[in-house]
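Each chain, letter by letter, is given below.
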Amino acid sequence: MQIDPRRHLPIYLQIAEAIRGGVAAGTYRPGEALPSLRELAVTLRVNPNTVQRAYDELSREGIVEARRGLGLFVAERAPSDARPRAVEEVRAALERGIRIGLAAGLAPESIAADFRQVLATATRSIPSPVIPAAPPKLRRNPKEADA
Amino acid sequence: MNATFAPHAQVGPATPAPAHSPAISMHGVTKRFGTTVALDDISLSIPPGSICGLVGPNGAGKTTLVRLLLGLERPAAGTIGVLGLDPLRDALALRERVGYVPDTLHADRWMTGAEVLRFCRGLRRHWNDTLATRLVDRLGIPLKTRVGSLSRGTLVKLGLVAAVAPEPELLLLDEPMAGLDPLAREEVVETVIAAAPDRPWTVLFSSHSLDDVQRLADSIAVLVAGRLVHHGATDDLLTAVRRVRMRVDDALPRPLPAGVDVYGSQRSGREWTLVIRDGSGGAIERLRGLPGVEVLGVDPLSLEEIFKHMARAPSGRNEERSQS
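Keep in mind that what you see is a predicted model, and the values were worked out from it rather than measured. (Residues numbered from 1 in each chain as written. Chains lettered and ligands numbered in written order. Predicted model: local features only at pLDDT ≥ 70, side-chain atom pairs only at ≥ 80, totals over all residues. Heavy atoms only, no water.)

Peer 1: Explain the environment of Ser280(B) to me, please; I cannot follow it from the model alone.
Peer 2: Residues and elements named next belong to chain B. Within the fold, Ser 280 resides in the loop between strand S13 (271–276) and helix H9 (283–288). For the pair Ser 280 and Pro 253, spaced 27 residues apart in sequence, the C-alpha to C-alpha distance is 21 Å. Of the polar contacts made by the side chain of Ser 280, one reaches the side chain of Asp 278; its length is 2.5 Å. (Helix = DSSP H or I, 4+ residues; strand = E, 2+ residues; numbered from the N terminus. Polar contact = N/O pair within 3.5 Å; in protein donor to acceptor, adjacent residues only side chain to side chain.)

Peer 1: Could you clarify how one ought to interpret the packing of helix H3 (residues 113–123) of chain B against helix H5 (residues 152–164) of chain B in this entry?
Peer 2: Two quantities define a packed helix pair, namely the angle between the helix axes and the distance between the axes. Residue and element names in this part refer to chain B. At a minimum axis distance of 10 Å, the contact between H3 and H5 shows a crossing angle of 25°. When the axis of H3 is compared with that of H5, the two are roughly parallel. In the crossing of H3 with H5, the sense of the turn from one axis to the other is right-handed. Listed contacts from H5 to Gly 113, Val 116, Leu 117 and Cys 120 of H3 are Leu 158, Val 161 and Ala 162. Looking at the contact of H3 with H5 residue by residue, the class counts come to six nonpolar, one polar and no charged. (Axes fitted to C-alpha atoms, helices over the stretch in contact; angles between N-to-C directions. Parallel < 35°, antiparallel > 145°, perpendicular 65-115°, else oblique. Left-handed = near helix turned anticlockwise from the far one by under 90°. Contact = heavy atoms within 4.5 Å. Nonpolar A, V, L, I, M, F, W, Y, C, P; charged D, E, K, R; others polar.)

Peer 1: When you look at the pattern of salt bridges in this model, what are you seeing that I'm missing?
Peer 2: Side chains that carry opposite charge are capable of pairing whenever their charged atoms lie near each other. Inspection of the entire model under this criterion finds 25 salt bridges over all chains. Residue Arg121(B) is joined to Asp129(B) by a salt bridge in which the shortest nitrogen-to-oxygen separation is 2.6 Å. Classification of Arg121(B) as partly exposed rests on a relative accessible area of 38%. Within this structure, Arg45(A), Arg138(B), Glu186(B) and Glu190(B) form a network of salt bridges that share partners. (Salt bridge = Lys/Arg side-chain N within 4 Å of Asp/Glu carboxyl O. Buried < 20%, exposed > 50% of the residue type's maximum accessible area, 1.4 Å probe, protein only.)

Peer 1: Quick question: what am I supposed to make of the interface of chain B and chain A here?
Peer 2: One frequently used descriptor of interface size is the decrease in accessible area upon assembly of the parts. On the chain A side, the residues contacting the 32 residues of chain B number 23 residues. Taken together, the two surfaces of chain B and chain A that pack against each other cover about 2400 Å², and 48% of this comes from carbon and sulfur. When the area that chain B buries against chain A is broken down by residue, the three leading residues are Ile193(B), Gln214(B) and Arg215(B), summing to 27%. Salt-bridge contacts for Arg6(A) lead to Asp211(B); the nearest nitrogen and oxygen are separated by 2.9 Å. If you look at where chain B meets chain A, you find twelve residue pairs in polar contact (both at pLDDT 80 or more). The leading source of residues in the side of chain B that touches chain A is helix H6 (residues 182–194) of chain B, at five residues. Along the lines of polarity and charge, the residues of the side of chain B that touches chain A split into 14 nonpolar, seven polar and eleven charged. (Buried area = accessible area lost by both parts, 1.4 Å probe.)

Right, dumping it as structure tokens:
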């Protein structure tokens, strides 16, 4: 697990994000114990209160659960809870990007083309019907081109 | 300015709830050196069990504040309480309960590390040998070397062990990371976390490294030219402050709508960039609602960027500097 104090995201959210991702990816499995507060705080070199906040957040989401006297465990039904959350985050990030593009005057089709290109690069996938091999060139809003 | 802060969570359900009286409380504290005002009307309250990072440009008054808490300086005005005691009247009682690592460590150069620790141990009523040994091993402090030939990093680690071994209720660290290489800095951060006793302890440390503040501190206190310009939860600050980029067709309406407080603004042609103090309370919507204004982007800032804006901002609100 890595945290970066230079990121703009509070550290407790970075920890929650990492564990949520770990549960979704299967590095933490349902029923497994999570590291103790002190243990994780020392490993990541962060304040134990910050780890507590991350664990509180994950408990609220139902991804981890406390067992009396034993500590925190990944909830049995965690993976199915973690996935919708990931979908939510992807949508939020996409929406942010789309808004930036629209505000800059890019046409929706050009944003969509960029999206496919970025997705193709990120997944290094072979061309498929959904992801065209040669994405159309980035075009400005025609109205603006006329001006 | 009055600033109080409540930690978001106690350390684990097993620890008893700490007493409600603050570990550190300052009310209207002013300190002058001759005609120079070093600290100006400081009110600050730090609850037990929390870690506070004190930041500010050089000469902002950080060292003076720490020295006031130890009773090493006398305030010109105001009251100071440390663990419920008066630092001037109860200085000796306080020494037993407070650990202190000054910015410059004074130790006789000819003493070895082991001798320094033995000397400090003799001054204290309580000393946890197991903890001291564990930390010395972990930090790899050479105990047989004379301190005169130790690096600054090793010296700070030695000072930290001497401050922590008596298991104080309050730990005061004056720029512990200054001048340390990145590895030694990490070790100091780790020590402050690993040495924490099972009961809550309070830590106040001053630092120039916002990275370290974000790792360690529950709350951040910002001193600029002797004034406390901010004290609050570190995470809340990251969530609140936002940079808003917008296109302004004519002139930006003055004054800005109520609730839009800015640290500063920059203008280049029609594009304005405002750094607003709190983007959560509808401030961005209010900017969006202005005629002839289009919000192009809203971004979070890193703690370091926020600090720089605070340090540069004039003390009044809604004041701006324009660069065109």
